Amino acid sequence: MAGGPWGPLLTALLAARVAAEAGPEQAALPEERSWVLPMTASNWTLVMEGEWMLKFYAPWCPSCQQTDSEWETFAKNGEVLHISVGKVDVIQEPGLSGRFFVTTLPAFFHAKDGIFRRYRGPGVYEDLQNYILEKKWQSVEPLTGWKSPASLTMSGMAGLFSISGKIWHLHNYFTVTLGIPAWCSYIFFVMATLIFEQTQRPEDAHKAEQLQDAEEEKEDSNEEENKDSLVDDDEEKEDLGDEEEAEEDEEEDSSAPPVGEGRNDTQGQGPLREVQQVGELEPEEQVPVWPSSVHAEVAEDTLRQRKNQHADKGP
């Protein structure tokens, strides 16, 4: 009966039943879990703590595909090695490829508490394991300064790579998805660049004006400060001059003889002072100065006689 006309039909029905019964069992099998953590721009800072190994790859890269199984095996043993393992798709995350300045694929990096080093060995499990167990990374020069992925320079590089990645995706959308010729896509980007520059020029001019105004204000404030300082210097000089004049006056006052002494001298000399004044008027008839006060009366009598003589000669 199996060889009759119904034989092929029964065989087909039996095969379909077996396939239907086997299908749900195969679909129920869970997918194998991946121990490699995908890294993105939002979670890449996890590598700043602990010990990590990162792999940069692209889906179209044959060399990257050859190391996928080795990398997965290495990630499975990460708990034993006390290390975390991650991967970065440079097509989906161009910013991270710029942050680490990846120029060749695949690229491997080691990170220990925020200090990064480039691993240049093969992507084989044994070599990767020995690199961690024997701490061969200590002999590798770390990426410090501006080369560090956490530096400000590399953050700017990440922004540039991210923009270029978006432009590349947009170009593929125009040429592949929409079927637009490549030269039309290039013209679009050129026009977009020119429009962007035109919109940025007024802002740049406004910023330049603000900077110029700020510089002028600084210059004016500096001039005012200089004027104030000059005025203060002149006032200080005048004060010093007044002080010097006061000191000179004090010195003159201290060097001059007291008024009382001068008066005593004139009072003590008495008639002698008058004799000297007369002698100044007529030098040929000067009266000698008496050395002692005892002869003061004699000098007065002589002076009176001389005056009388002059009075007689006068008329």
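Residues numbered from 1 in each chain as written. Predicted model: local features only at pLDDT ≥ 70, side-chain atom pairs only at ≥ 80, totals over all residues. Heavy atoms only, no water.

**Describing the nonpolar core**
1) Next: Counting residues in hydrophobic clusters, the biggest one holds 19 residues, and the most contacted among them are Val47, Leu54, Phe56 and Phe100.
2) Next: At the level of elements, strand S2 (51-57) and strand S4 (107-112) are the ones that each hand at least two residues to this core.
3) Next: Looking at which element gives the most residues to this core, the answer is S2, with four residues. (Core = buried A, V, L, I, M, F, W, Y, C linked by side-chain atoms within 4.5 Å. Buried < 20%, exposed > 50% of the residue type's maximum accessible area, 1.4 Å probe, protein only. Helix = DSSP H or I, 4+ residues; strand = E, 2+ residues; numbered from the N terminus.)

**Some details on the packing of aromatic side chains**
Geometry of an aromatic ring pair is reported as the spacing of the ring centres plus the angle between the planes.
1) Next: Evaluated as defined, the whole model comprises 11 aromatic pairs.
2) Next: Aromatic pair Trp44 and Phe100: ring centres 6.3 Å apart, planes at 85 degrees, arrangement edge-to-face. Taken together, the positions of Trp44 in the loop between strand S1 (37-38) and S2 and Phe100 in the loop between helix H5 (94-99) and S4 put the pair 56 residues apart, joining distant regions of the chain. (Phe/Tyr/Trp six-rings, centres within 6.5 Å; stacked < 30°, edge-to-face > 60°.)

**Description of the UniProt feature "transmembrane region" (unreviewed entry) in the protein**
1) Next: UniProt's feature table lists "transmembrane region" (unreviewed entry) at residues 173-196, given in the numbering used throughout.
2) Next: The span residues 173-196 carries 83% helix and 0% strand; its end-to-end C-alpha distance comes to 21 Å. (UniProt positions renumbered as here; feature names shortened; annotations may be inferred.)

**A word on the sheet that holds strand S5 (residues 115-119)**
1) Next: Reading across the sheet, the five strands line up as S1-S3-S2-S4-S5 and stay open at both edges, with mixed pairing between neighbours. In the strand order of this sheet, the two ends are held by S1 and S5, each with one partner.
2) Next: Alignment of S2 against strand S3 (residues 84-89), held across six bridges, turns out to be parallel. From the neighbouring strand, Leu54 faces S3, where its bridge partner is Gly86. (Pairing = 2+ DSSP bridges.)

**With respect to helix H6 (residues 125-133)**
1) Next: When we look at burial in H6, the residues that qualify are Tyr125, Leu128, Tyr131 and Ile132. On an axial view of H6, the arc spanned by its buried residues comes to 125 degrees, and they lie on one face. H6 presents Glu126 and Leu133 as exposed residues on the side facing more than 90 degrees away from its buried surface.
2) Next: Along its buried surface, H6 packs onto S2, helix H3 (68-76), helix H4 (78-81), S4 and S5.
3) Next: Just beyond H6, the residue with positive phi is Lys135, at close to 55 degrees. (Arc of directions from axis to C-beta. Contact = heavy atoms within 4.5 Å.)

**Quick look at a nonpolar patch on the surface**
1) Next: Together, Trp183, Tyr186, Ile187, Val190, Met191 and Leu194 make up an exposed nonpolar region whose accessible area comes to about 650 Å².
2) Next: Tracing the chain through its elements places Leu194 in helix H8 (residues 182-255). (Patch = residues over 30% accessible without salt bridge, like charges linked within 9 Å, V, L, I, M, F, W, Y side chains within 5 Å. Areas by Shrake-Rupley, 256 points an atom, 1.4 Å probe, with all protein chains shown as cover. Salt bridge = Lys/Arg side-chain N within 4 Å of Asp/Glu carboxyl O.)

**Remarks on the pattern of salt bridges**
1) Next: Under the counting rule described, the total for this entry stands at three salt bridges.
2) Next: Among the salt bridges present, the one from Lys55 reaches Asp68, with a minimum N-O distance of 2.8 Å. Linking Lys55 in strand S2 with Asp68 in helix H3, this pair joins segments that are 13 residues apart in sequence.
3) Next: Accessibility expressed as a relative area gives 2% for Lys55, which makes it buried.
4) Next: The salt bridge involving Lys136 is made with Glu134; its shortest N-O contact spans 3.6 Å.
5) Next: Looking at Lys136, the relative accessible area reads 39%, which means it is partly exposed.

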